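Chain residues, written in single-letter form:
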Amino acid sequence: MRTALLFIGSFLLCTGIAWADDNLEKATIEKTFPVRGEMTLSLRIDGGEVELLRNEDDDCQVFVEHNKEKCRAEVNFDEKTRELEIYVDHDNWSMTKSGDANNSNYAKVRVKLPHRPDLSIDAVVKAGKLDFTLGDLHLVNLEVKSWAGEARVDFDKPNRCDLKTMDFDFKVGEVKLLNLGNARFEEADINSNIGEMTLDFNGEHVDRAMVRIDLEIGETTIIVPDDIGVKARVSKFLFLSNVQYPNWFEQDGSYYYSRNYKDEKKSLYLIISTGIGELNLRVDKSDE
């Protein structure tokens, strides 16, 4: 099912992709910005491999590699607005890799984020691969939109402050959102049109949180820890939606309750709208 969905989505969104030219000349941008206050990172990427990770220093380090004959890249930091903008524009969506990884039309973007100041991230990537490791940051706002490709977002350590906005919108592809309990959010929106999605709510800082999850076509796995109470309201699309849940949950109409829902002070409320596909609820045992 995964292969078919990704093929359909890639065909619809990436028609017109050109093959890489081995003679293209690569260019790199390397910049370091001292950050003394709050900062906004704005990513506008046509296509590429985008990596975000924390920096142990207060500086923000940016590395961009691209084929300058097929792609235009800019890195700008506005001192007044404290906004760092990274812009990558591909000609004719010329992004397909050649057989040699060194001769690729994909841009490669790597940003090492400062861990002390308040940070907002607004990322829009039309196609490619996202790998975000966002733990141990002062992240206050997070908005991620991807049209096609793979995405992995991991809060490997607890966020250092409350996350006011957490919004994910994925059109086509395979998505893994890991350790979301470490994000320290109260409300979140997660949308997926076509593909496979894994939502892992393990972490240390889930107190009372609500997540709106909109699924259209594909298979979704939701993992919750067994030490928080979980209520899920599932709206299904006729008989084309299938919900699988363990004995840890009890069903009451369109609602699913974890066995400990009335006993635990910490709670997670999931409002799920499903389309065509399968929804799997799983429990991660804390003593395993």
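Anything mentioned here points back to the structure above.
Fair warning: this is a prediction, and the values are worked out from it, not measured in the lab.

Undergrad: Explanation requested: a nonpolar patch on the surface in the structure shown.
TA: Together, Ile217, Phe237 and Ile276 give the surface a local cluster of nonpolar side chains, amounting to about 240 Å² of exposed area. Here Ile276 lies in strand 17 (residues 276-284). Among the residues examined, Ile276 registers a relative accessible area of 38% and is labelled partly exposed.

Undergrad: Help me understand the pairing of strand 10 (residues 187-200), please; the structure alone is not making it clear to me.
TA: Each regular strand shows side chains that alternate between the opposite faces of the sheet. Alignment of strand 9 (residues 165-178) against strand 10, held across 10 bridges, turns out to be parallel. Looking across to strand 10, one finds that Phe168 is bridged to Ile190. Judged from the 13 bridges that link them, strand 10 and strand 11 (residues 208-225) form a sheet pairing that is parallel. In the sheet register, Ile194 faces strand 11, and the bridge partner there is Ile217.

Undergrad: Would you mind showing me how to read the pairing of strand 17 here?
TA: In terms of strand pairing, strand 11 meets strand 17 through 9 bridges, oriented parallel. Paired with Glu219 across the two strands is Glu278, which belongs to strand 17. Direction of pairing for strand 13 (residues 241-244) relative to strand 17: parallel, over a ladder of 4 bridges. Bridging across to strand 17, Val243 finds its partner in Leu279.

Undergrad: Mind showing me how you'd approach unusual backbone geometry here?
TA: Only a minority of non-glycine residues have a phi that is not negative, and only a minority of peptide bonds are not trans. Positive phi values are uncommon outside glycine, yet Arg82 reaches one of about 60°. Within the fold, Arg82 resides in the loop between strand 4 (71-78) and strand 5 (83-90). With phi around 55°, Asn179 is a residue other than glycine that occupies positive phi space. Judged by relative accessible area, Asn179 falls into the partly exposed class, the value being 21%.

Undergrad: How should the pattern of salt bridges be read in this particular structure?
TA: For side chains bearing opposite charge, pairing can occur when the charged atoms are close. Inspection of the entire model under this criterion finds 14 salt bridges. The closest approach of N and O atoms between Arg184 and Asp162, which form a salt bridge, is 3.3 Å. Taken together, the positions of Arg184 in the loop between strand 9 and strand 10 and Asp162 in the loop between strand 8 (139-154) and strand 9 put the pair 22 residues apart, joining distant regions of the chain. Among the residues examined, Arg184 registers a relative accessible area of 24% and is labelled partly exposed. What makes Asp162 partly exposed here is its relative accessible area of 47%.

Undergrad: Any chance you could explain the packing of aromatic side chains here in plain terms?
TA: Pairs of aromatic rings are described using the distance from one ring centre to the other and the angle between the two planes. Inspection of every chain in the model, using the stated rule, returns 5 aromatic pairs. Aromatic side chains Tyr245 and Tyr256 sit 5.0 Å apart centroid to centroid with 65° between the ring planes, which places their arrangement in the edge-to-face category. Taken together, the positions of Tyr245 in the loop between strand 13 and strand 14 (249-252) and Tyr256 in strand 15 (residues 255-258) put the pair 11 residues apart, joining distant regions of the chain. Under the relative-accessibility criterion, Tyr245 is labelled partly exposed at 33%. Cluster of aromatic residues (ring-pair linked, three or more members): Tyr255, Tyr257 and Tyr261. The ring of Tyr269 carries the charged tip of Lys231 above its face, separated from the ring centre by 4.5 Å.

Undergrad: Teacher, can you tell me more about the environment of Val140 here?
TA: The topology assignment puts Val140 in strand 8. Taking the C-alpha atoms as reference, Val140 lies 5.7 Å from Ser120; in sequence the two are 20 residues apart. Residues in contact with Val140, not counting those within four places in the same chain, are Asp118, Leu119, Ser120, Cys161, Asp162, Leu163, Lys164 and Thr165.

Rules used throughout
Residues numbered from 1 in each chain as written. Predicted model: local features only at pLDDT ≥ 70, side-chain atom pairs only at ≥ 80, totals over all residues. Heavy atoms only, no water. Patch = residues over 30% accessible without salt bridge, like charges linked within 9 Å, V, L, I, M, F, W, Y side chains within 5 Å. Areas by Shrake-Rupley, 256 points an atom, 1.4 Å probe, with all protein chains shown as cover. Salt bridge = Lys/Arg side-chain N within 4 Å of Asp/Glu carboxyl O. Helix = DSSP H or I, 4+ residues; strand = E, 2+ residues; numbered from the N terminus. Buried < 20%, exposed > 50% of the residue type's maximum accessible area, 1.4 Å probe, protein only. Pairing = 2+ DSSP bridges. Phe/Tyr/Trp six-rings, centres within 6.5 Å; stacked < 30°, edge-to-face > 60°. Lys NZ or Arg CZ within 6 Å of the ring centre and 35° of its normal. Contact = heavy atoms within 4.5 Å.

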